[in-house]
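Analysis of the macromolecular model
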Amino acid sequence: MKLDAEQLARFDRDGYLFFPALFTPEEMKTLSDEVPRLYAMQRPENVREKTGNVVRTNFAAHLYSAPFARLARHPRMIDPVEQMFGEALYMHQFKINGKQAFDGDVWQWHQDYGTWLNDDLMPTPRAMNVAIFLDEVNEFNGPLMFIPGSHKLGALPAGHDLTTTSYPLWTIDNDTIATLVRNAAATAGGRHGGIVAPKGPAGSMIMFHSCLVHASSSNLSPWSRVSVYLSLCAVSNHIRRHKRVEYIAHRDFTPIECLPDDCLIKPCPVDLPWANGTPASALVTSLDVLREAGATV
Ligand code: SIN
Ligand code: MN
């Protein structure tokens, strides 16, 4: 799948592109049928909501689940990003966010590149998020919210929030968000009110810039909002520090090779290197290595 000139211009202006119903219900079923099995696993890759046992996000399923390993190499997700960067990509992060009915907690206002820079020392924002909806996303189940055009500001000052949710995040303060929203509304001149929230059926896809400011509120509805996020990084822009465990910030910079477009619904063999569990080496971080060497960190 290639982007045309109008799409490229819109991405440059807004920082995201939305593709409603890009994947068919049959393709999505192969993925959503696998989610309960993954969420039931007792693996460190399942991060739970702070209230209890409900899975907030599952990391790195592309290394131990065949349907998600296929999605991670899907040309509809990989090709447009490769086109934009003009370079091969590797998988920086792969996650299945639950946002479960009644229990799904907020994601505070942030830029993904803030975390990738501060924690992982990713040199530049040459990395992209591609999200795919496994459930319908509507106004009630915590849709992702964007401030259009905010990607143009580069990495904004952020604070490390370790308390609001169960997952540490570099977040942006409320005064800054209010200013960004006011400015985005003024720039859009009536096209939107400063915040947008793409909504659509399962199978819809969003591409968004790693500096685009985004958030989502909690899910008080009876409808889960499971979405998969591929964070694709240009190979030359690979991270320079392994402060986070490998299932959150990957260390294998091998270029992704796409599978055929029908790989989700036709037999298509894939390697599952973590099928028997998380390798011990994935849990070692560079700070651990420094500590073992006797350094004070
Ligand atoms: C994210 O920002 O990484 C996830 C947000 C969401 O799923 O709502
Ligand atoms: Mn994010």
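Refer to the structure printed above.
Throughout what follows, the structure given in this document is the object of discussion. (Residues numbered from 1 in each chain as written. Chains lettered and ligands numbered in written order. Predicted model: local features only at pLDDT ≥ 70, side-chain atom pairs only at ≥ 80, totals over all residues. Heavy atoms only, no water.)

Burial of strand β3 (residues 55–59) is extensive: 5 of the 5 residues sit out of reach of the surface. Examined bridge by bridge, strand β2 (residues 46–48) and β3 share 3 bridges and lie antiparallel to one another. In the sheet register, V47 faces β3, and the bridge partner there is T57. As consecutive antiparallel partners, β2 and β3 are separated by 6 residues. Sheet topology places β3 next to strand β4 (residues 89–97); 3 bridges connect them, and they run antiparallel. Looking at β4, one finds that T57 is bridged to N97. (Buried < 20%, exposed > 50% of the residue type's maximum accessible area, 1.4 Å probe, protein only. Helix = DSSP H or I, 4+ residues; strand = E, 2+ residues; numbered from the N terminus. Pairing = 2+ DSSP bridges.)

Summarising the element assignment, R225 is placed in the loop between β11 (214–216) and β12 (227–234). Although R225 lies buried, it forms no salt bridge, and the closest oppositely charged side chain, D135, sits 7.2 Å away as judged by the N-O distance. Side-chain polar atoms of R225 contact the side chain of Y229, separated by 3.5 Å. (Lys, Arg positive; Asp, Glu negative; His and termini not counted. Salt bridge = Lys/Arg side-chain N within 4 Å of Asp/Glu carboxyl O. Polar contact = N/O pair within 3.5 Å; in protein donor to acceptor, adjacent residues only side chain to side chain.)

Attention now moves to the site of ligand 1. Around ligand 1 sit K95, N97, W107, H110, L144, H214, S216, R225 and Y229, and that is every residue in its neighbourhood. Within the side chain of H214, an N or O atom sits 3.0 Å from an oxygen atom of ligand 1. Contact between ligand 1 and R225: an oxygen atom at 2.7 Å from a side-chain N or O atom of the residue. Protein chains shield 98% of the accessible area of ligand 1, which is 260 Å² for the free molecule. Assessed atom by atom at 2 Å from the grid points, ligand 1 resides in the largest cavity. Split into classes, the residues belonging to the shell around ligand 1 amount to 3 nonpolar, 4 polar and 2 charged. (Near = heavy atom within 4 Å. Areas by Shrake-Rupley, 256 points an atom, 1.4 Å probe, with all protein chains shown as cover. 1 Å grid on protein atoms, 1.4 Å probe; cavity = no way out; pocket = protein on both sides within 12 Å on 5 of 7 lines; lining within 4 Å. Sits in = over half its atoms within 2 Å of the grid points. Nonpolar A, V, L, I, M, F, W, Y, C, P; charged D, E, K, R; others polar.)

Reported here for the largest pocket is a volume of approximately 370 Å³. Considering the residues around the largest pocket, the lining is formed by 16 residues, among which H62, L63, R73, D252 and T254 are closest to the centre. When the residues that make up the lining of the largest pocket are grouped by side-chain class, the tally is 8 nonpolar, 3 polar and 5 charged. (Points joined across faces, edges and corners; volume = space filled by probe spheres on them.)

Spatially, the 7 strands line up as an open sheet ordered β1-β10-β6-β12-β4-β3-β2, and their pairing is antiparallel. What marks the edges here is a single partner per strand, and that holds for β1 (16–19) and β2. Strand-to-strand, the axes of this sheet are offset by a mean angle of 20 degrees, without reference to chain direction. Two elements, strand β6 (residues 127–133) and β12, share 7 bridges in a ladder whose sense is antiparallel. Looking at the pairing, V130 lines up with L230 of β12. The strands that helix α1 (residues 5–14) touches are β1, β6 and β10 (205–209); relative to β1, the one it contacts most, it runs at about 125 degrees. Along the sheet, helix α5 (residues 75–85) contacts β4, β6, β10 and β12; its crossing angle with β6, the most-contacted strand, is approximately 155 degrees. (Axes fitted to C-alpha atoms, helices over the stretch in contact; angles between N-to-C directions. Contact = heavy atoms within 4.5 Å.)

Taken as a whole and assessed by the stated rule, the structure comprises 2 cavities of 30 Å³ or more. For the largest cavity, the calculated volume is near 190 Å³. Together, 18 residues line the largest cavity, and K95, W107, H110, D112 and H214 are the ones closest to its centre. Listing elements by their share of the lining of the largest cavity, those giving two or more residues are β4, β5 (107–110), α6 (112–120) and β11. Looking at the lining of the largest cavity residue by residue, the class counts come to 7 nonpolar, 7 polar and 4 charged. Space inside the second largest cavity adds up to approximately 50 Å³. Considering the residues around the second largest cavity, the lining is formed by A131, F133, V137, P143, L144, P198, I206, R225, S227 and Y229. For the lining of the second largest cavity, the elements supplying multiple residues, two or more each, are β6 and β12.

Moving on to the pairing of β12. With 8 of 8 residues buried, β12 lies mostly within the body of the structure. Residues S227, Y229, S231 and C233 line one face of β12 and the alternating positions V228, L230, L232 and A234 line the opposite face, and both faces are buried.

Aromatic ring pairs are defined here through the distance separating the ring centres and the angle between the ring planes. Within the structure shown, the criterion is met by 9 aromatic pairs. Seen in terms of ring centroids, F146 and F208 are 4.9 Å apart; in terms of plane orientation they differ by 45 degrees. Their pairing is tilted. Of this pair, F146 sits in strand β7 (residues 144–146) while F208 is found in strand β10, placing the two residues 62 residues apart along the sequence. Overall, F146 belongs to the buried group, its relative accessible area being 0%. (Phe/Tyr/Trp six-rings, centres within 6.5 Å; stacked < 30°, edge-to-face > 60°.)

Interpretation in functional terms is not warranted from these geometric data alone.
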